[in-house]
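Survey of secondary and tertiary structure
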Amino acid sequence: MVTAVFPAAGSSRRMGGGVNKNLMELSGEPILIRTLKTFSQVSRVNFLIVVVAAHEVETVEQLLRGTDGLKPWRVTVGGSERQYSIANGLKLLPDDAEIVLVHDAARPLVTVRTIDGVIDAVKKFGGAIAAVPAKDTIKVVDAQGFVRHTPPRSELVVVQTPQGFRREILLRAYAQATAENFLGTDDSSLVERLGATIRVVNGGYDNIKVTTPEDIQVAETFLRRTSHAATN
Ligand code: CTP
Ligand code: MG
C-alpha cells in the first residue's frame, strides 16, 4: 500500500501576503484540497499525511473533515525546513505503507497518470521522481557570479514531486541525513547519498509548484485547458 506525505508547512514568503499559499483558492478550491483529491483518485494510495504549521492544524483538520472523497488522512505539525516537516510526517506512517510518496501540496496540477507512473517505477526500481527535461541551458557558476562550466542539457532534468521510495529506503535516508546533519532541497538528494537507484518519470510541464503570485494565473490557465482535464 502507498502513503503520501504532503509538506504544507512553509511560510509562503515568495507568494507574499502572509497566508499559507496552500490554502489559497485555485478555480474556487484551496490548492491543498485539489492536490489531496487527485491523490485520492489513485486506487493504490490509501493514506494521506498532511504537514502544516502548528497554528494551522485545527483549521486544516476542519477543512479536510468538510471535504468529501478523500482517502483516510492525518494532519501533523511541520518544522522550520521542508525536510524537517517531512521527517515529522514520516512519524505517522502506517504499518502497511510499503511505498511512500512525498508531494509538495503546492503542486495542485499533478495528474493521476504521473502519480501512477511514479508508483510503478518505485515498485520496479525502489525509487522514482517526477521531472521534466530542462528547456534552458543551465550553467554552474561560482559564488562571485562567474561561469564555471556548462553541463550538457541532454543530461539535465528539472525535478518536481511526487518523489516515491520504498519505505525502508526513505526511512534510512532520513535517518542518515539527520545523523550527518545533511539538509537537502528534495527527498531524492537524501536517498542519493545511500547510492540507491532512482528512476526519472515524466511529470509534465504543467506540474508547476505554485510559488509566486503569477503562478496562480499560470495554474488557472493550465486548468482551463481541456487537455489537462483529459490527462488527469
Ligand atoms: N514546506 C514545509 N515546511 C517548510 C518549508 C516548506 O512543509 N519548513 C512545504 C511548503 O508548504 C510547500 C512545499 O514544502 O508546500 C514546497 O516549498 P516551497 O514552495 O518553498 O514553499 P514555502 O517554503 O512555503 O515558500 P517560500 O520558500 O517562498 O517561503
Ligand atoms: Mg521554501
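Attention here is on the structure that accompanies the text. (Residues numbered from 1 in each chain as written. Chains lettered and ligands numbered in written order. Predicted model: local features only at pLDDT ≥ 70, side-chain atom pairs only at ≥ 80, totals over all residues. Heavy atoms only, no water.)

Once that is clear, we can look at the pattern of salt bridges. Evaluated as defined, the whole model comprises nine salt bridges. For Arg44, the salt bridge goes to Asp120, with nearest N and O atoms at 2.8 Å. Of this pair, Arg44 sits in the loop between α1 (31–40) and β4 (45–52) while Asp120 sits in helix α4 (residues 112–125); the two residues are 76 residues apart in sequence, bridging distant segments of the chain. Residue Asp120 is classed as partly exposed on the basis of its relative accessible area of 42%. One continuous salt-bridge network, built from bridges that share partners, spans Arg82, Asp104, Arg107 and Asp187. (Salt bridge = Lys/Arg side-chain N within 4 Å of Asp/Glu carboxyl O. Helix = DSSP H or I, 4+ residues; strand = E, 2+ residues; numbered from the N terminus. Buried < 20%, exposed > 50% of the residue type's maximum accessible area, 1.4 Å probe, protein only.)

Right, let's talk about the site of ligand 1 for a bit. Residues in close proximity to ligand 1 total 19 residues, the closest being Ser12, Arg13, Lys21, Ser85 and Lys209. Within the backbone of Ala8, an N or O atom sits 3.2 Å from an oxygen atom of ligand 1. The contact in question runs from an oxygen atom of ligand 1 to an N or O atom on the side chain of Lys21, over 2.7 Å. When ligand 1 sits alone it has 560 Å² of accessible area, and the protein chains cover 91% of it. (Near = heavy atom within 4 Å. Polar contact = N/O pair within 3.5 Å; in protein donor to acceptor, adjacent residues only side chain to side chain. Areas by Shrake-Rupley, 256 points an atom, 1.4 Å probe, with all protein chains shown as cover.)

For the pair α1 and helix α2 (residues 57–65), interaxial distance at closest approach is 11 Å and the crossing angle is 50 degrees. Judged by the inter-axis angle, α1 sits oblique to α2. The way α1 lies across α2 gives a crossing that is right-handed. Two secondary-structure elements touch here, α1 through Leu32, Ile33 and Leu36 and α2 through Val60, Leu63 and Leu64. Grouping the constituent residues of the contact of α1 with α2 by class yields six nonpolar, no polar and no charged. (Axes fitted to C-alpha atoms, helices over the stretch in contact; angles between N-to-C directions. Parallel < 35°, antiparallel > 145°, perpendicular 65-115°, else oblique. Left-handed = near helix turned anticlockwise from the far one by under 90°. Contact = heavy atoms within 4.5 Å. Nonpolar A, V, L, I, M, F, W, Y, C, P; charged D, E, K, R; others polar.)

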